[in-house]
Amino acid sequence: MKIITLVLLSLTIDLSLSLENGLGQTPQMGWNSWNKFGCDINEKLIYETIDTLESSGLIKAGYNYINLDDCWQISRDENGVIVPDPQRFPNGIKPLVDYAHSKGLKFGLYSDAGIKTCAGRPGSLGYEEIDAKTYSDWEVDYIKYDNCNNEGLSSKERYPKMRDALMKVSHPIFYSMCNWGEEEVATWAKDVGNSWRTTGDIIDNWKSMITIIEDNDRWSEYAGHGGWNDPDMLEIGNGGMTFEEYKTHFGLWAISKAPLLIGCDINTMTKEIYDLLTNEEIIAIDQDPLGKQGKKVWSQTFEYTPKTDLSSDPSELQVVNCDGSTEQKWFFKEDGSIRNEAGDLCIEIPNCKNERDVQLRAGPCHVGDKSYCEESRNQEWFYNTTSKTITSKMNGFCIEVESYSGPIVDANKCTGSHNQAWNRDEALSSLKYFEQCITPEKLNDIIEVWAGELANGDYAVILLNRGLVEREIEALWEKVGLEAGSTASVRDLWLKEDLGEFTNSFKAIVAPHASRFLRITPKK
């Protein structure tokens, strides 16, 4: 009992302190290496990216951080000081920091509140003060602090330790907490960090992006000057979504006052993506000085009607609680297919995409038909009874539960992790991950209105169509925050056009997986 009391007292003392570094008065903007490059980073890439941030005008647009994610570090020296990877960064980190500063940029690094980073490099747990001093000596301006290999210790114990270490050093460092939203981090992180991840990792697809921003939305009241909810970095330009979906991605992050951290290769991005990322009117919403996070204010759900029958419409796969329904019954066939009892549907890699993190779906079975992509091997699988993995015969990837918690079921490189282990329940003919079963998603069309107040009395508004058919969406002024029956002018921020004055509401037809981003100015 005494030990428990001491631990609780320790946590109380840590959390009673506050982060007073004057940073993060608006959400951070910049570039991060992870989403596009993962561990494939080096000195040459970072120098090139610094140059492109300057020459392209991205710095002028507000993207003023360049952040190295995992894999820049390799070991510790005899004094416990972190050592950069000599193969990737032969001249160390300080010259990169100095070069970034010479271009008007701020420089960020990655570490982890565990004994190792997510990629197995040295973590900062137990080395908080040594690492904070090292980063300060290098004049690093930003730390992203991850949550892997954490020894089972509470985030409330680990993350304040780095805050305290950063407050002791001479160089101000933005503190970006990345504990994946665990322990309801938004409710206590304002006194610890300048931003905090509210979700698991984003994946470059519509389902992941929408799921993450919805999870982030419920914490809107906790964001503000000096501390922001973080639904993860931008995937815009990485190729997994359509251009309209990327526009929606950017708009939802902006209205939510989320960090805008570019995650693509800016050295090769298209003009279309550049123009999207530098839309000054939408950036202004994200950086608005009021600092009030916008949120979902209205939604409506329509049951989606398939074109003919179940087998004609592929359904994305997810894990939900097992209920014994026919939709959760799967049979392994001799031809390598995994077939669903509810229709002639097979688990498949959509369009034979040979990429990580592709969400799987149940599509019409075509195994053996060589006219399909990869001669239909995108529907052929092998179940290993020892490891309990299900491996694609097309590319050797394993079926997994995304980010360990789902609900998305995707294909990824086989790692042996528990989120790739599936129990075949012979009695129920189900594929189980703990107490959840693979299920074709019931498709619904959802339309939403998001809104947020701005410093000058205007309102930012998004009409969002999450569904599969175009819909008319109406934003009622009383839902947005204006007076019912009042008149306001409406500007389309993507078209950069004034649309006129409207009384009581504004409505528009919105395409599937698309949005309209508006600025509403009440008539004086």
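What counts, and where the lines are drawn
Residues numbered from 1 in each chain as written. Predicted model: local features only at pLDDT ≥ 70, side-chain atom pairs only at ≥ 80, totals over all residues. Heavy atoms only, no water. pLDDT = per-residue confidence, 0-100. Contact = heavy atoms within 4.5 Å. Core = buried A, V, L, I, M, F, W, Y, C linked by side-chain atoms within 4.5 Å. Buried < 20%, exposed > 50% of the residue type's maximum accessible area, 1.4 Å probe, protein only. Helix = DSSP H or I, 4+ residues; strand = E, 2+ residues; numbered from the N terminus. Pairing = 2+ DSSP bridges. Axes fitted to C-alpha atoms, helices over the stretch in contact; angles between N-to-C directions. 1 Å grid on protein atoms, 1.4 Å probe; cavity = no way out; pocket = protein on both sides within 12 Å on 5 of 7 lines; lining within 4 Å. Points joined across faces, edges and corners; volume = space filled by probe spheres on them. Nonpolar A, V, L, I, M, F, W, Y, C, P; charged D, E, K, R; others polar. Salt bridge = Lys/Arg side-chain N within 4 Å of Asp/Glu carboxyl O.

Draft legend 1. Local environment of the confidence of the model for the protein. Of all residues in the protein, 94% have pLDDT values of 70 or greater, and the mean over the chain is 92. Taken together, the stretch residues 1-16 has pLDDT below 50 and engages in 11 contacts with residues farther than four places along the chain or on a different chain. Contacts of residues 306-312 to residues separated by more than four positions or lying in other chains number 10 contacts, the stretch itself having pLDDT below 50.

Draft legend 2. Representation of the nonpolar core. The biggest cluster of nonpolar side chains holds 81 residues, and the ones touching the most others in it are Trp72, Phe107 and Phe250. The contacts of phenylalanine 107, once residues within four sequence positions are left out, are Ile46, Ile66, Asn67, Leu68, Ile93, Leu96, Val97, Ala100, His101, Val140, Asp141 and Tyr142. Grouped together as the second largest cluster of nonpolar side chains are 24 residues, Ala362, Ile390, Val409 and Tyr433 included.

Draft legend 3. Inspection of helix 6 (residues 128-137) at higher detail. Considered for burial, the residues of helix 6 that qualify are Glu128, Asp131, Ala132, Thr134, Tyr135 and Ser136. Elements in contact with the buried residues of helix 6: strand 3 (73-76), strand 4 (82-84), strand 5 (106-112), strand 6 (142-146) and helix 7 (155-168). Where helix 6 ends, the next residue or the one after it, glutamate 139, has phi of about 65°, a positive value.

Draft legend 4. Just the sheet that holds strand 13 (residues 330-332), in detail. The strand order across the open sheet built from 8 strands is 13-14-15-17-12-24-23-22, with neighbouring strands paired in antiparallel fashion. At either end of the open sheet lies a strand with only one pairing partner, and these are strand 13 and strand 22 (423-425). Ignoring which end each strand starts from, the neighbouring axes of this sheet average 40° apart.

Draft legend 5. Inspection of the pairing of strand 20 (residues 398-401) at higher detail. Of the two faces of strand 20, both are covered, the one formed by Cys398 and Glu400 as well as the one formed by Ile399 and Val401. Pairing between strand 20 and strand 21 (residues 409-412): 4 bridges, direction antiparallel. Opposite valine 401, over in strand 21, you have valine 409 as the bridge partner.

Draft legend 6. Focus on empty space enclosed by the protein. Going through the model one piece at a time under the given rule, you end up with 2 cavities of 30 Å³ or more. Every residue along the wall of the largest cavity is listed here: Asn32, Tyr142, Lys144, Ser176, Cys178, Arg197, Asp230, Asp232, Met233 and Leu261. Residue classes in the lining of the largest cavity are distributed as 4 nonpolar, 2 polar and 4 charged. Considering the residues around the second largest cavity, the lining is formed by Trp298, Val449, Glu474, Ala475, Leu476, Lys479 and Val480. Contributing elements (two or more residues each) for the lining of the second largest cavity: strand 27 (471-476) and helix 12 (477-480). Broken down by element, the lining of the second largest cavity gets its largest block of residues, 3 residues, from strand 27. Considered class by class, the residues forming the lining of the second largest cavity number 5 nonpolar, no polar and 2 charged.

Draft legend 7. Here's a closer look at the pattern of salt bridges. Enumeration according to the criterion identifies 35 salt bridges in this entry. Its salt-bridge partner being lysine 432, residue glutamate 435 comes within 3.6 Å of it at the nearest N-O pair. Each of Glu214, Lys296, Glu448 and Arg466 takes part in one network of salt bridges that share partners.

Draft legend 8. Structural detail: the sheet that holds strand 6. Read from one edge to the other, the open sheet built from 8 strands follows the order 9-8-7-6-5-2-1-10, with strand pairing classed as parallel. Looking at the sheet topology across the chains shown, the edges are occupied by strand 9 (228-230) and strand 10 (260-262). Across the sheet, the mean angle separating the axes of adjacent strands is 25° when strand polarity is ignored. Running at roughly 160° to strand 2 (residues 65-67), helix 3 (residues 43-55) makes contact with strand 1 (29-32), strand 2 and strand 5 of the sheet.

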